[in-house]
Amino acid sequence: YAHADDPATPIEESMREFDALVREGKVRYVAASNFTASRLAEALAISKREGLTPYVALQPHYNLVVRDEYEGALADLCAREGLACLPYFALAKGFLTGKYRPGAAVQSARAKGAQEYVNEHGQRVLSALDEIAAAHDAPVAAVSLAWLLAKPTVAAPIASARTVAQLDELIPMATLKLNAEDIRRLDAASRST
């Protein structure tokens, strides 16, 4: 991954270096993370024009409480160019597990980061997640990840677990199929106001 775009480095220079790594057999594929749509489009155009190895995936910050950075131009570009999307912070630093709520004290290294979502918008999202999770008899975290996986360009959401118990909350995502109404409700609840 080009883990973050460096506007001071010409994109063509980066793409030539990535192409060399692929040609030398040191890496199989290259991808981008935290790129704007215009810079990613430029990188893809340069790769095509110069016959260089193109990016095959994008790793954006994308989840039910942070949608604006990816949806729109970036998602459209991924769809048009066939890039896989692998969102990081898929559970919003743990917030979308449902354990971070007003008045709840959670002992975790991520607790401070997750607290930024304990607001009206976050509570609206959790309320919808709670209802849908109950209807499917599934963990809130699994529903959050299933919503991402239902998005057309998302190949796989990235979520981490520190314990087996946390992993047990994520695994049901693999078989959980949200219906159109579930997705509509989550889209509506998570829309920025």
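Located above this text is the structure these notes cover.
Residues numbered from 1 in each chain as written. Predicted model: local features only at pLDDT ≥ 70, side-chain atom pairs only at ≥ 80, totals over all residues. Heavy atoms only, no water.

### Here's the deal with the pairing of strand S2 (residues 55-59)
Of all 5 residues in S2, 4 are buried; the element is thus mostly enclosed. Of the strand pairs in this sheet, strand S1 (residues 30-33) and S2 are connected by 3 bridges, and their pairing is parallel. In the sheet register, Ala-32 faces S2, and the bridge partner there is Leu-58. Crossover connection from S1 via helix H2 (residues 37-50) to parallel S2: handedness right-handed. Crossover connection from S2 via helix H3 (residues 73-81) to parallel strand S3 (residues 84-85): handedness right-handed. (Buried < 20%, exposed > 50% of the residue type's maximum accessible area, 1.4 Å probe, protein only. Helix = DSSP H or I, 4+ residues; strand = E, 2+ residues; numbered from the N terminus. Pairing = 2+ DSSP bridges. Right-handed = clockwise from strand over helix to strand, strands pointing away.)

### Comments concerning the packing of aromatic side chains
Under the defined criterion, the tally for this structure stands at 6 aromatic pairs. Each ring, one from Phe-35 and one from Tyr-55, has its centre 5.7 Å from the other, and the planes form 75°; the classification is edge-to-face. Taken together, the positions of Phe-35 in the loop between S1 and H2 and Tyr-55 in strand S2 put the pair 20 residues apart, joining distant regions of the chain. According to the relative accessible area criterion, Phe-35 is buried, its value standing at 7%. What makes Tyr-55 buried here is its relative accessible area of 4%. One aromatic cluster in this structure is built from Phe-18, Phe-35 and Tyr-55. (Phe/Tyr/Trp six-rings, centres within 6.5 Å; stacked < 30°, edge-to-face > 60°.)

### So, the environment of Ser-127
Within the secondary structure layout, Ser-127 lies in helix H5 (residues 120-136). As a C-alpha pair, Ser-127 and Leu-186 span 59 residues in sequence and 9.6 Å in three-dimensional space.

### Focus: the environment of Pro-139
Assignment of secondary structure puts Pro-139 in the loop between H5 and helix H6 (140-149). Among the residues examined, Pro-139 registers a relative accessible area of 17% and is labelled buried. A sequence separation of 22 residues divides Pro-139 from Ala-161, and the C-alpha atoms of the two residues are 14 Å apart. For Pro-139, the residues in contact, after removing those within four places along its chain, are Ala-133, Asp-168, Glu-169 and Pro-172. (Contact = heavy atoms within 4.5 Å.)

### Some thoughts on the sheet that holds S2
Two orientations exist for strands paired in a sheet by backbone hydrogen bonds: parallel and antiparallel. Ordered by their spatial adjacency, 3 strands build an open sheet running S1-S2-S3, and the pairing between neighbours is parallel. Here the strands that pair on one side only, and so sit at the sheet edges, are S1 and S3. Note that S2 and S3 share 2 bridges and pair parallel. Each bridged residue has a counterpart across the sheet, and for Ala-57 the counterpart in S3 is Ala-84.

### Comments concerning the nonpolar core
By size, the foremost hydrophobic cluster in this structure holds 58 residues, and its most contacted members are Leu-40 and Tyr-55. Top element by residues in this core is H6. It accounts for 8 residues. Apart from the residues lying within four places of it in its own chain, the contact partners of Leu-40 are Ala-32, Phe-35, Tyr-55, Leu-58, Leu-74, Leu-77 and Leu-83. (Core = buried A, V, L, I, M, F, W, Y, C linked by side-chain atoms within 4.5 Å.)

### Digging into the pattern of salt bridges
With the rule as written, the count across this model stands at 15 salt bridges. Here Arg-23 ties to Asp-19 by a salt bridge, and the two come within 2.5 Å at their closest N and O atoms. Taken together, the residues span about one helical turn, with Arg-23 and Asp-19 both in helix H1 (residues 11-23) at a distance of 4 residues. By relative accessible area, which is 60% here, Arg-23 ends up exposed. Glu-181 is the partner of Arg-184 in a salt bridge, and the nearest nitrogen-oxygen pair spans 2.7 Å. Here Arg-184 and its partner Glu-181 are both found in helix H8 (residues 180-190), 3 residues apart, which amounts to about one turn of the helix. Here the salt bridges share partners, and the residues they tie into one network are Glu-12, Arg-16, Arg-49 and Glu-50. (Salt bridge = Lys/Arg side-chain N within 4 Å of Asp/Glu carboxyl O.)

### Looking at the packing of H2 against H3
Closest axis-to-axis distance for the H2/H3 pair is 9 Å, and the angle between their directions is 25°. Here H3 runs roughly parallel to H2, going by the angle between their axes. Together, Ala-37, Leu-40, Ala-41, Leu-44 and Lys-48 of H2 and Ala-73, Leu-74, Leu-77 and Glu-81 of H3 make up the contact between the two elements. Taken together, the residues of the contact of H2 with H3 break down into 7 nonpolar, no polar and 2 charged. (Axes fitted to C-alpha atoms, helices over the stretch in contact; angles between N-to-C directions. Parallel < 35°, antiparallel > 145°, perpendicular 65-115°, else oblique. Nonpolar A, V, L, I, M, F, W, Y, C, P; charged D, E, K, R; others polar.)

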